[in-house]
Amino acid sequence: MNARQKLLPVVLGALLGVACAGLFGHVNPVPTDHLRFPHQKHLDMGQACTDCHQKISTAKDLSQLDIPGHDVCMQCHDKKADCKKCHSDPTAAAPLPKPHPTLAFNHENHIKRMNGECKDCHQELPEIGKPARMPTMAACFQSCHDGKHKTSPHHAWYAAGECGSCHLNLWENPLKPQSLFAHQGDWLHEHPLAARSEGAACSQCHPQTFCSDCHAAKTVAAGPNKLQFDRVDRQLIHRANWLAEHPIEANANPAECERCHTLDQCASCHNRHQVGASATNPRSPHPAGWAFPGSAQFHGDAARMNITSCAACHEHGGHSDCVTCHKVGGIGGNPHPVDWDTRHKTVDRANPMCMECHI
Amino acid sequence: MRPPSLGLLVAAGAAILLFALGARAATVQATATTYTDASQPTYGDAESHTLVPAYELVDVTANQIHMPWGDTAAVVLSGWGGVDLANDTGTSGPGADLNLLYVEGGAFRHALTFRLGRQFVMNGVARMTQLDGANLQYVVHHIGLQAYGGAIVTPRFAEPLATTMAGGRLFWNPTLETEIGASYAQIFDHALSVRQEVGLDGRAVLLHRLVLDASAFYDLAAARIAEAVGDASWRFGRLVTLGARYQRTAPDLFLPPNSIWTVFADDERRDSVGGFAIVTPAEHWSIWLEGLGILGSNGNGFETTGRVSWTQRFYSIGLDVHTLSYDADGHLTPRLYAVWRPGDKLTLSGDLEETWLQHPMNGVTHVFNASGTAAWTFVPSWQLALAVLGGDTPFLSQDVEVLGRLQWAPTFGGQR
C-alpha cells in the first residue's frame, strides 16, 4: 500500500466526519409558522408605512429589517385577537430568524431622498398567499440611479465591475443576470468564451466550487449528469443517451472531448465494454480493409485526419502497438506527415517520444 | 501514483492557518452531499454486474475573513470520498480526491489578489486548467497583469503527461462588460517544454445591444492556430436576440502534447460557422434555435440544436432537439422534460429522451431513456432526492439505475 492509498481512509473518514457533524450537530428549526399580513388592507385604512415599520427611517443596513413585533400591532389591535389572523401556525410561533443581508442598502438615506414615498421602490407589497416582489436592480438603474446624478456612484461601480459595492455576497444572491450576462440560449457552449475574458465577472456570482462540479473532470467523483440528476431542466452535456451519441459527436468535434477527458478515461471504458484495442476484441470498431494500403478504409488515411479517435483506445506512449510497425526499419514505414521536416527540422534529443525511434 | 503535491500541502497549511485566524469573522457556506448510484449494467462480457458506489462530497467556502492589513480573504474546499458498497466487476471503484483547496485574498484594497492551492486558472489561453499552484493578479487603472504557475492536476491513478504549467495575461477592462487580453502559457513535462501558446481574447458590448466575444490561441511549436472562436449577438429589445458564431479548432493540438500520436497526425482542422436566435414570445415562454455548418479534415456536416420551454412558478416543461450529421453519420435526439413543484418543499420531475442513429451501432438504431425524480426539502437546508433511470443503449442491452442524494447546505455567520 503506497502513501496515497494510506491517505485514502483518512480523507474519507474526515469527509464523513464533516457530513455526520452536519447531520447530528446542527439541525435548523422547522419554520412551520408563517406571518400573514394584508398590506393593502392596512394602507386602504390610511395607515402609513412608518406607522408599523417605526424604525425603518433610521435603518442603515438590511440587518435592521424592522418587522413589527406584537407591541406595535397591539397599538391598534385588540390583545385578545385571534392569533391565527396573523400566524399560520400559532403553536409553532418563534422569534423571526436574524436577517442575513446580501445587499448593502441604507433605508435611512433613501427614505429621506424619496420624502418618505416607500412605494416609489416597493411597488408590489407582500399579501396573504402572495410573496413579496422586491425592487429589481434594473428598476433602481432606470429610475434614480441612471448615471445622470453626479452624487450617485452606482453606474461607476457597475461599469468598473465593482458588484461588491452593493451585493455583499453574490454567491448567495438568488437573482440572475437579466441582460448582457443573461445565461440564455446555448450558454453551455457560449460560457467558456465569455469566461476567457471575463473570468472576474463570473466569479462575482460563482465560486469555483460551482465550476468544479463540471470542470474538475480529472478529480470529480461523478459527472454533473449524475450528481444533478434532479435538474432535468439544465443543459448538461452528458444526458442518458450520450452513451449512444458519443462516437458520432466525438468524430465531429474531437477537441471538445479532449478539453476535459484524458485518453485514459476513454480507454478504461472502451476496454470494459470490449470495444478497445484488445487483440481479443470481439467488437472491433475497425472496418474491413483497415490494414490494407489502397483500401478506401485504410487506417493510415483515417489516422492522418482524425488521430484523436485512434488515441481514444490505443496506448499513446512508446508502447503503442502502432509503433511496432511504424518505426525506423518497420514494415509500416515512416509515420510522419509529408510536411513534418518543415516543422521539425531536427530530432529533439530531450523528447523521449522522438527517441523511441531515433536512437 | 503521486504523493500530494507541494502546492496542495502549502494550501492545506495556509487554509488551516486562515481558518484559525478568521473563523469568527467569516461567512461559511457548506454543502455535504451523500450520494449513491445503484445499477446492474451488462458490459462486453454479456454478464450482468452489480455496482453500488457511495460517495460523500463536501464543499466549504469560508469568505469575508478579515485580514490584519484590512483586506478580506476566503478559503475554498471541495473534496469527496467514496466506497463501493457492491462491485463485482473486478475493477477498482471510488476513492477520494480534492477538486479544490485554495486560499484567496487581496492587498492594497484588492488591487493585488492572490490564490494559492488547488484551483482553476481560467483566463485567456489558460482555458480552464486545474492547477496546484499560485495565481497572482495586480490591477491598476483598469489595466491588469495576471501570472500563474504550478503543477497540473493529473487524474487519479494516471501517469502525468504534462507536469507543470506557467503563464500570464495582460488585460484592459475599461468597463464591466468590456475586456481585452493577451496571454501566454507554457506547459512542461518535467524539464521538457511540450506546449507553448499565445492568445488574444476580448469581450465588448457596443450600443448596449451588440455583444462581441472572441478569442484566438496560437500554438508556437506547431506554428498554427490551436483554437479560434468568434461570437456576435444583437439584442432586439427583450424579445429577440440574433447571433452568429464561428469556431476553428485543431483537434490534434488538443492531444497530450508529448503523445506518440502527434507524430502521426497531419494538420487537422475543424471549422464551424452558423447562427442562433433566442426568442421570448410571451411571458414564461422561451425559444432558442441554433444551426452550425461543420467543415472538418475528415468530413463535413451540420449541427442543429433547439429548445422550447415554458416555465412558471409551479410547472416547467421543455422540449430539446439536437441533430448532428457528419462524415456520413449522424443522429437525431429529441428530449422532453417536465418539472412540477406542488409546494415549497417538494419537486417532481421527469424526462424522456429518444435518439435515432443514422447507422446501426451494435445492431441498434433506436435508443430510449427515461427518468423520474422526487426531491424533498424536509427541513431547511436539508434535501433528499431519489431518481430512477432506465432505458436501452447500444452498449448496455437494458439499464436501470437508482440514484439517491441527501444534501445539507447550511450557511453560518453573515455578520458584517
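Residues numbered from 1 in each chain as written. Chains lettered and ligands numbered in written order. Predicted model: local features only at pLDDT ≥ 70, side-chain atom pairs only at ≥ 80, totals over all residues. Heavy atoms only, no water.

**Considerations on the overall build of chain A**
Working step 1: In terms of regular secondary structure, chain A is built from 18 helices and zero strands.
Working step 2: Long-range pairs, those at least 24 residues apart, make up 54% of the contacts in chain A with a sequence separation of at least 6.
Working step 3: A total accessible area of about 21,600 Å² is found for chain A, and carbon and sulfur atoms account for 60% of it. (Helix = DSSP H or I, 4+ residues; strand = E, 2+ residues; numbered from the N terminus. Contact = heavy atoms within 4.5 Å. Areas by Shrake-Rupley, 256 points an atom, 1.4 Å probe, with all protein chains shown as cover.)

**Notes on the nonpolar core**
Working step 1: Formed by 15 residues in total, the largest nonpolar core has its most connected members in Ile307(A), Leu255(B), Ile260(B), Trp261(B) and Phe264(B).
Working step 2: Elements with a minimum of two residues in this core: helix H15 (307–311) and helix H16 (321–325) of chain A.
Working step 3: A total of three residues in this core trace back to one element, the largest contributor, which is H15(A). (Core = buried A, V, L, I, M, F, W, Y, C linked by side-chain atoms within 4.5 Å. Buried < 20%, exposed > 50% of the residue type's maximum accessible area, 1.4 Å probe, protein only.)

**What about helix H9 (residues 208–215) of chain A?**
Three or four residues apart is the spacing at which side chains of an α-helix point the same way, because the helix has 3.6 residues per turn.
Working step 1: Restricting attention to buried positions, one finds in H9(A) the residues Gln208(A), Thr209(A), Cys211(A) and Ser212(A). The buried residues of H9(A) occupy an angular sector of 150° when the element is viewed end-on, so they sit on one face.
Working step 2: Check the buried side of H9(A) and you find it contacts strand S2 (51–66), strand S3 (72–87), strand S4 (96–107) and strand S5 (112–121) of chain B. (Arc of directions from axis to C-beta.)

**Comments concerning empty space enclosed by the protein**
All names here are of chain B.
Working step 1: Tallied over the full model, the rule gives four cavities of 30 Å³ or more.
Working step 2: Counted as a void, the second largest cavity has a volume near 60 Å³.
Working step 3: Lining the second largest cavity are 13 residues; nearest its centre among them are Pro 251, Arg 269, Ser 297, Asn 298 and Tyr 326.
Working step 4: Class assignment for the residues of the lining of the second largest cavity results in five nonpolar, five polar and three charged. (1 Å grid on protein atoms, 1.4 Å probe; cavity = no way out; pocket = protein on both sides within 12 Å on 5 of 7 lines; lining within 4 Å. Points joined across faces, edges and corners; volume = space filled by probe spheres on them. Nonpolar A, V, L, I, M, F, W, Y, C, P; charged D, E, K, R; others polar.)

**Some remarks on the side chain of Asn106(A)**
Residue and element names in this part refer to chain A.
Working step 1: Inspection of the secondary structure puts Asn 106 in the loop between helix H4 (70–73) and helix H5 (107–113).
Working step 2: Accessibility expressed as a relative area gives 19% for Asn 106, which makes it buried.
Working step 3: A distance of 2.9 Å separates the side chain of Asn 106 from the backbone nitrogen of Glu 108, its partner in a polar contact. (Polar contact = N/O pair within 3.5 Å; in protein donor to acceptor, adjacent residues only side chain to side chain.)

**So, the interface of chain B and chain A**
Working step 1: Taken together, the contact between chain B and chain A spans 159 residues of the former and 118 residues of the latter.
Working step 2: In this assembly, chain B packs against chain A so that about 11,900 Å² is buried in total across both faces, 61% of it on carbon and sulfur atoms.
Working step 3: Interface area lost by chain B to chain A is led by Leu176(B), Trp261(B) and Phe264(B), which between them contribute 8%.
Working step 4: At the boundary of chain B and chain A, one finds seven salt bridges.
Working step 5: Taken together, the links from chain B to chain A amount to 32 residue pairs in polar contact (both at pLDDT 80 or more).
Working step 6: Split by residue class, the side of chain B that touches chain A holds 69 nonpolar, 49 polar and 41 charged. (Buried area = accessible area lost by both parts, 1.4 Å probe. Salt bridge = Lys/Arg side-chain N within 4 Å of Asp/Glu carboxyl O.)

These results come straight from atomic positions and should not be treated as a statement about function.
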